Each structure stands twice: as C-alpha cells, then as structure tokens.
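The chain contents come next:
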Amino acid sequence: MSLLSLSQMKTSIGQYHVLHDVTFDVPEGGVFVLLGRNGAGKTTTLRSIMGLWKPSPGSVRFRGEDIAGLHASDIARKGIAFVPENMGVFGGLTVEENLVLATAKGKFDDVRLKRIYDLFPALEQFWTKQAWSLSGGQKQMLSVARAIIEPRELILIDEPTKGLAPSIIDGMAEAFAEIGQSTTILLVEQNFNFAKRLGQGMAVIDDGHIAHTGTMPDFAVDTALQEQLLSLSS
Ligand SMILES: Nc1ncnc2c1ncn2[C@@H]1O[C@H](COP(=O)(O)OP(=O)(O)OP(=O)(O)O)[C@@H](O)[C@H]1O
C-alpha cells in the first residue's frame, strides 16, 4: 500500500478551479518529487493534502485512511508536516523558541535534537539568535528542523531551494537524502538539478492535471519529455 494516495483530487480557490485531477501515489520512504511549471498547481496540491485548502471531490488517502476534508491540525496529528515556501519561521523568536513551538509538549527529545544539530550545525551555532537575523539558507534549515523535531511519517516541502546559493543547496540535498532514510518526503521543486539528485518516484503537474508519473532516473534522461512538460532545454 502507498503511504499517500491521491485520487482525482480537485481543488477550487474561490471561483477558480485550480486542481482538476490530481492522481498519484507516494510510496513509503525516500523522496518523491512533484515538478511543474510556474502556476501549475504544485503548492495548491501540498496545501490540499495538508487540509489548508479543502479538496472536493476526490480522495486523499494516508495509510489507507481518507483524510480529505479533515482540519489541518488533525492531519498534522496523523504524522504529516508541511514546510511552506515562505518557510513559516517566527522572525522575532530565537532558533530555540521556534523549535520549542513546533514540539507537541514544549520540550525536546534529546536524540531528535542531536540529529537536527548533526544535519544543520548552523542551528546549534545560532541557537539563541532571533530567526530574522539568520541567512535565507539557515531559515530554511530551521523550517525543515521544525518539521522533524517530532516524529513524522510524511513531510511536504515546498520549493526549499528558492533563492539559495549553490553551496547551501548542496548541503540541503545531503540533509534531505538523510531525512528520507527514515521519513517520506514529498518535495515540490522548480530546481530540476536539485530534484533529480534526490527523487526516486516523481510526477509532473501541468495546469492542475497530473501529466506524467514515473521514476526520476527515467525522467532525468528523457530530455524531450522534460522540454515538453517543464519547458527545460538541456
Ligand atoms: N489564493 C489564491 N487565489 C486565487 N488563485 C490562486 C490562489 N493561489 C493560487 N492560485 C492560482 O492557482 C494556480 C496554481 O497556483 P500554485 O501556487 O499551486 O502553483 P505552483 O505550481 O505552486 O506555482 P509556483 O511554482 O509559481 O509557486 C495559479 O494559477 C495561481 O494563480
């Protein structure tokens, strides 16, 4: 059984029908990548899974249970976390306070905290700094750390490399590969070079429809399909 299974998910925002038919399965473990041009519906797909938009009709099954229509906090309690494109960190709070707020009981599990320090040493270094003073890459690390400070089964991550320097992106790729060994990641990306290093399974969304699903190794060598679906030319 897939960890997450979307079937004919449709989402309207106000009067606009944004998602027309989103159908794909995310297997358990590793990194699954959702690609698509600007405005194709990637963020709307993640927000619909998380319950931040209400998909209707269609189903969103998580471990076989239909979670479509549940409140976002109930979906989070089932083990799904969302790392939004704007990162969602609290600028006026320190790194430590941002992480405390992301815990269920207001305190850390030492093993998880140590893992976060190992993945993102800058967060230990800037532990008492307010988040607004961090670089873009460090804010992104904090945003991902907030998602994994509690045990999660699935993390939805929206365009984590946007605006980051190549050296930071390399570190982020290593961190995601390591996180993907114990937690499933559904990653939305525009940076195809980053995505193709990480993804095992993948899907392409185009104008609110899933236009392609397959494996990343196959898609990575199919330049004609990349050009057709993403307007990428090699
Ligand atoms: N709050 C909103 N109100 C109206 N339309 C919206 C809203 N949010 C998104 N849309 C529209 O829905 C479509 C899909 O947007 P979405 O943000 O999901 O695309 P995306 O693939 O994530 O794009 P990008 O890569 O640019 O972030 C776009 O046409 C967008 O204009």
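Residues numbered from 1 in each chain as written. Predicted model: local features only at pLDDT ≥ 70, side-chain atom pairs only at ≥ 80, totals over all residues.

Where an unreviewed UniProt entry is consulted, the protein appears under the name Amino acid/amide ABC transporter ATP-binding protein 2, HAAT family, with the organism given as Shimia gijangensis. In the Sequence similarities (unreviewed entry) part of its UniProt record, the protein is described as follows: "Belongs to the ABC transporter superfamily." (UniProt positions renumbered as here; feature names shortened; annotations may be inferred.)

Enquirer: Looking at this model, I keep getting lost on the pairing of strand S7 (residues 154-158). Mind explaining?
Expert: Counting buried residues in S7 gives 5 out of 5 residues, a clear majority hidden from the surface. A two-sided burial pattern is seen for S7, the buried positions comprising Leu 154, Leu 156 and Asp 158 on one face and Ile 155 and Ile 157 on the other. As paired strands, strand S6 (residues 80-83) and S7 are joined by 4 bridges and run parallel to one another. Paired with Ile 80 across the strands is Leu 154, a residue of S7. In the sheet, S7 pairs with strand S8 (residues 184-188) via 5 bridges, with the strands oriented parallel. Considered in S8, the bridge of Leu 156 is made with Leu 186. (Buried ≥ 20, exposed ≤ 12 C-beta atoms within 10 Å, placed from the backbone. Helix = DSSP H or I, 4+ residues; strand = E, 2+ residues; numbered from the N terminus. Pairing = 2+ DSSP bridges.)

Enquirer: Would you explain the site of the ligand in this entry?
Expert: Asn 38, Gly 39, Lys 42, Thr 43 and Thr 44 are the nearest of the 13 residues found near the ligand. Broken down by secondary-structure element, the contributors of at least two residues to the shell around the ligand are strand S2 (16-26) and helix H1 (42-49). With 3 residues, H1 is the single largest residue contributor to the shell around the ligand. When grouped by side-chain class, the residues that make up the shell around the ligand number 4 nonpolar, 8 polar and 1 charged. (Near = placed C-beta within 6 Å. Nonpolar A, V, L, I, M, F, W, Y, C, P; charged D, E, K, R; others polar.)

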